[in-house]
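Understanding the architecture of this molecule
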Amino acid sequence: MKQYICEFMKRYCFPDEARKVVWDSYDKVASLPEFTNLLESFYVTPYQPCEYFREALHVISEKESISAYTLYLVYYICLSNYMKREYERNSIDEEVFYETVEDISFKLAECHEMEMVWGVISFAWYYDLFHLKTFGMGRRQYHMSVYDGDAAMLAGRMVREQTFRRNNCRGTLICRKDLLTGLREVIDWEAEKGCLFMIR
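A quick note: this is a predicted structure, and the numbers were derived from the prediction, not measured. (Residues numbered from 1 in each chain as written. Predicted model: local features only at pLDDT ≥ 70, side-chain atom pairs only at ≥ 80, totals over all residues. Heavy atoms only, no water.)

Remarks on helix α2 (residues 16-29)
Our working rule: Runs of E in the DSSP output that reach at least two residues are strands. Runs of H or I that reach at least four are helices, and both are numbered from the N terminus. To estimate how far a helix should extend, the number of its residues minus one is multiplied by 1.5 Å. A simple rule labels every residue: compare its accessible area, found with a 1.4 Å probe on the protein chains alone, to the largest value its type can have, and call it buried under 20%, exposed over 50%, or partly exposed in between. As used here, the arc belongs to the directions running from the helix axis to the C-beta atoms. In this analysis, two residues are considered to be in contact whenever any of their non-hydrogen atoms come within 4.5 Å of each other.
Taking 1.5 Å of rise per residue, 14 residues should cover 20 Å, and α2 covers 20 Å from first to last C-alpha, within 8% of that figure. Residues of α2 that are buried include every one of Ala18, Val22, Ser25, Tyr26 and Val29, and no others. On an axial view of α2, the arc spanned by its buried residues comes to 100°, and they lie on one face. Along α2, the residues that are exposed and aim more than 90 degrees away from the buried face are Asp16 and Lys20. Against α1 (2-11), α3 (33-40), α4 (50-64), α5 (68-89) and α7 (103-115) lie the buried residues of α2.

A closer look at the packing of aromatic side chains
Rules: When the centres of two rings from Phe, Tyr and Trp lie within 6.5 Å, Trp using its six-membered ring, the rings pair. Their planes under 30 degrees apart give stacked, over 60 give edge-to-face, and anything left gives tilted. Either the NZ atom of lysine or the CZ atom of arginine qualifies as a charge over a ring when it sits within 6 Å of the ring centre and within 35 degrees of the ring normal.
Scanning the model with the defined rule gives 17 aromatic pairs in all. Relative to Phe130, the ring of Tyr76 lies with its centre 4.7 Å away and its plane at 10°, an arrangement referred to as stacked. Note that Tyr76 is positioned in helix α5 and Phe130 in helix α8 (residues 127-130), a separation of 54 residues in sequence. An identical accessibility class is assigned to Tyr76 and Phe130; each is buried. Grouping aromatic residues by their ring pairs yields a cluster made of Phe35, Phe42, Tyr43, Tyr52, Phe53, Tyr69, Tyr72, Tyr75, Tyr76, Phe123 and Phe130. For Arg11, the ring lying beneath its charged end belongs to Tyr98, and the centroid distance is 3.6 Å.

Observations regarding the environment of Tyr47
By secondary structure assignment, the location of Tyr47 is in the loop between α3 and α4. By relative accessible area, Tyr47 is classed as exposed at 51%. C-alpha separation for the pair Tyr47 and His131, spaced 84 residues apart in sequence, amounts to 9.3 Å. Filtering out sequence-adjacent residues up to four positions away, Tyr47 remains in contact with Tyr127 and His131.

Read these as spatial facts, not as claims about activity.
Here it is as structure tokens:
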């Protein structure tokens, strides 16, 4: 896991101070059965609500005197290693994986700017991402749902704005086995039409 964490932080250019915080926190929790179980059970046990994991991590953070935001970050970096295997198992292109988890580095900077802590504030934001329902391309994210053939499409702007509007346009049916191609088609379509929309 240490090698993966090192490669993750290097790929997304974590500041040196943030790297030290991650390593110090990881060293405190890596051998704790309760932390390891939260990682290993995520894709094995039946679906658990987000609050289950948040509360369990909060207990660990208090016990080990680590900021909860920092522990969320460490947990998500570690969990992304498991998530990568899920991408492989579902034949989702590796490029989509790296584009998707890059958002963690954006949230890292946001957390430090807002709270002066190296971590992640928005724990629940990533839940669908780790359940392979939300995918990223740059600063845009798309939610996978079933396309019902309706000509009306929910449409959203940049992720940080979290605003939605409706467009009278036809959606694109995306298959997980060809997700990368589908995302690229949607981005090209958005550039041509000048709007963003959620994949249905």
